[in-house]
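Coordinate inspection notes
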Amino acid sequence: MNIPEAKVYFDGSNYIAIAPKPKVQNKPTTTHKSHDEKKELFEKLYKDNIDKTKSERKEIITNELREHFETDERCKEFIKENMNRKTHNKIERKMRLIRKVNQQHWDYFVTFTYDSNKHDEESFKKKLRECLSRLSTRKGWKYICVWERSPEKQRLHFHGLFSISEMVGELVEVNDWDSRANKRRTTMQNTYFTERFGRNDFSIIDDPFQTQYAVKYIVKYLEKSGERIVYSKGLYQYFISDIMDEDILCPYYGEDEKHYCDKYILFDKFRCWDEGLYMGDVCPETIAKMRKSN
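Summarised in this report is the structure supplied together with it.

Parameters at a glance
- Residues numbered from 1 in each chain as written.
- Predicted model: local features only at pLDDT ≥ 70, side-chain atom pairs only at ≥ 80, totals over all residues.
- Heavy atoms only, no water.
- Buried < 20%, exposed > 50% of the residue type's maximum accessible area, 1.4 Å probe, protein only.
- Helix = DSSP H or I, 4+ residues; strand = E, 2+ residues; numbered from the N terminus.
- Pairing = 2+ DSSP bridges.
- Axes fitted to C-alpha atoms, helices over the stretch in contact; angles between N-to-C directions.
- Parallel < 35°, antiparallel > 145°, perpendicular 65-115°, else oblique.
- Left-handed = near helix turned anticlockwise from the far one by under 90°.
- Contact = heavy atoms within 4.5 Å.
- Nonpolar A, V, L, I, M, F, W, Y, C, P; charged D, E, K, R; others polar.
- Phe/Tyr/Trp six-rings, centres within 6.5 Å; stacked < 30°, edge-to-face > 60°.
- Lys NZ or Arg CZ within 6 Å of the ring centre and 35° of its normal.
- Patch = residues over 30% accessible without salt bridge, like charges linked within 9 Å, V, L, I, M, F, W, Y side chains within 5 Å.
- Areas by Shrake-Rupley, 256 points an atom, 1.4 Å probe, with all protein chains shown as cover.
- Salt bridge = Lys/Arg side-chain N within 4 Å of Asp/Glu carboxyl O.
- Lys, Arg positive; Asp, Glu negative; His and termini not counted.
- Charge placed at Lys NZ, Arg CZ, Asp CG, Glu CD.
- Expected span 1.5 Å × (residues − 1).
- Arc of directions from axis to C-beta.
- Polar contact = N/O pair within 3.5 Å; in protein donor to acceptor, adjacent residues only side chain to side chain.

So, about the pairing of strand 3 (residues 108-113). Most of strand 3 is tucked away, with 6 of its 6 residues classed as buried. On strand 3, burial covers both faces: Tyr 108, Val 110 and Phe 112 on one face and Phe 109, Thr 111 and Thr 113 on the other are all buried. One ladder, built from 6 bridges, connects strand 3 with strand 5 (residues 156-163); its direction is antiparallel. For Phe 109, the partnering residue across the bridge sits in strand 5 and is Leu 161. Relative to strand 8 (residues 200-204), strand 3 runs antiparallel, the two being bridged by 5 bridges. From the neighbouring strand, Tyr 108 faces strand 8, where its bridge partner is Ile 204.

Quick look at the structure:
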């Protein structure tokens, strides 16, 4: 069984191919304003109570929404449906993050903190995003980051994984005091960012476990805060390849067992094809030539 135009991703251990689903013509739907208003209120209440436990958050939302429904049952059904939607979306965001991470090689885990003499919080967010976007376009930088506030002072930081093909500025060793650990430490800081923004920390990634730790850190904060992940342009979840039957190891039982028959584990050295043209055995050089998809 050959699979044309399969979406292929790496799950950390194996390459997985997803067979394309047949196109289904969507039926027109009617949007009810009242439902949209309730959903909008649900979203606000969910975000405002993101730091609460699941049961506390649900109780608060129920109390606030009850007056907008004719019966308790309809209110409970609406909240259950939207709670399930939030859980599903959270899982989807996590899987999208992991797939994009696994398609790249990462060089540094970086933290940026602004100097109050150079920026306020608003200008720091705006200027740093603009700066990194230019470096992505002009220097080929790739990154996956999240905004975070320090637990004690609530000061804004920017953490993330970076793939840097061409460095700007210079990395220099800086020995200073770590107030959290209550001891001195040596960090690598970049002169380009120090001059423009303030403190920064470039930690070299030389072990796959460091990447996994960084992903767990980003996911943990993402689930806690509800913040969006900041992705650079050019990051992708999948590359597209025709898959030959002899390159399929077995069906895949993974994150969604209900749809396992649409997914297949591939042999480690499977062949990549693009519209009938053999592109080479799978490797970074071959993947670079393949079409990409999100």
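From this point, the discussion proceeds with the structure in view.
To continue, consider the pairing of strand 13 (residues 271-274). In this sheet, strand 14 (residues 277-281) lies alongside strand 13 in antiparallel orientation, the contact comprising 4 bridges. From the neighbouring strand, Cys 272 faces strand 14, where its bridge partner is Gly 280. Between strand 13 and strand 14, which pair antiparallel one after the other, the connecting turn spans 2 residues, and Glu 275 there sits at a positive phi close to 50 degrees.

This next bit is on the packing of helix 2 (residues 54-65) against helix 3 (residues 72-102). Helices that pack against each other are described as a pair by the angle of their axes relative to one another and the distance between those axes. Viewed as axis vectors pointing N to C, helix 2 and helix 3 meet at an angle of 135 degrees, and their least axial separation amounts to 10 Å. The angle between helix 2 and helix 3 falls in the class oblique. The handedness of the crossing between helix 2 and helix 3 comes out as right-handed. Contact with helix 2, carried on its side by Lys 58, Ile 61, Thr 62 and Leu 65, involves Cys 75, Phe 78, Ile 79 and Met 83 of helix 3 and no other residues of that element. Of the residues belonging to the contact of helix 2 with helix 3, the class tally is 6 nonpolar, 1 polar and 1 charged.

Right, let's talk about the sheet that holds strand 9 (residues 230-231) for a bit. Ordered by their spatial adjacency, 5 strands build an open sheet running 8-3-5-4-9, and the pairing between neighbours is antiparallel. The sheet is open, and its two edges are formed by strand 8 and strand 9, each paired on a single side. Pairing geometry for strand 4 (residues 142-149) and strand 9, over 2 bridges, is antiparallel. Residue Cys 145 lies in a different strand from strand 9, and its bridge partner there is Val 230.

This part takes up the packing of aromatic side chains. Two aromatic rings, taken as a pair, are described by how far apart their centres are and by the angle between their planes. Applying the stated criterion across every chain yields a total of 23 aromatic pairs. Ring geometry for Phe 42 versus Tyr 46: centroids 5.9 Å apart, planes at 35 degrees, classification tilted. Of this pair, Phe 42 and Tyr 46 both sit in helix 1 (residues 33-48), 4 residues apart, which is roughly one turn of that helix. On the accessibility criterion, Phe 42 (0% relative accessible area) is buried. Ring centres of Phe 42 and Phe 78 lie 6.4 Å apart, and the angle between their planes is 90 degrees; on these two criteria the pair is classed as edge-to-face. Taken together, the positions of Phe 42 in helix 1 and Phe 78 in helix 3 put the pair 36 residues apart, joining distant regions of the chain. The pair formed by Phe 42 and Phe 78 is uniform in burial state, with each residue classed as buried. Here the guanidinium or amino end of Lys 86 rests over the ring plane of Tyr 46, the centre of that ring lying 4.7 Å away.

Judged by side-chain charge, Lys 54, Lys 58, Lys 76, Lys 80 and Lys 90 come together as a positively charged surface patch. Where the positive patch is concerned, the elements lending two or more residues are helix 2 and helix 3. The leading source of residues in the positive patch is helix 3, at 3 residues. Topologically, Lys 58 is positioned in helix 2. Residue class for Lys 58 comes out partly exposed when judged on its relative accessible area of 45%.

Let us now look at helix 4 (residues 121-139). With 19 residues, helix 4 should reach 27 Å at 1.5 Å per residue; the first-to-last C-alpha distance of 26 Å fits that figure. Of all the residues in helix 4, the buried ones are Phe 124, Leu 128, Cys 131, Leu 132, Leu 135 and Ser 136. Here the buried residues of helix 4 occupy an arc of 135 degrees about the axis, which is enough to place them on one side. Seen from the open side of helix 4, the exposed residues pointing more than 90 degrees away from its buried face are Glu 122, Thr 137 and Arg 138. Capping the start of helix 4, Asp 120 holds a side-chain oxygen 3.3 Å from the backbone nitrogen of Glu 122, two or three residues further along.

Before going further, it helps to examine the environment of Asp 176. Positionally, Asp 176 belongs in strand 6 (residues 171-178). For Asp 176, the residues in contact, after removing those within four places along its chain, are Lys 183, Arg 184, Arg 185, Gln 189 and Arg 199.

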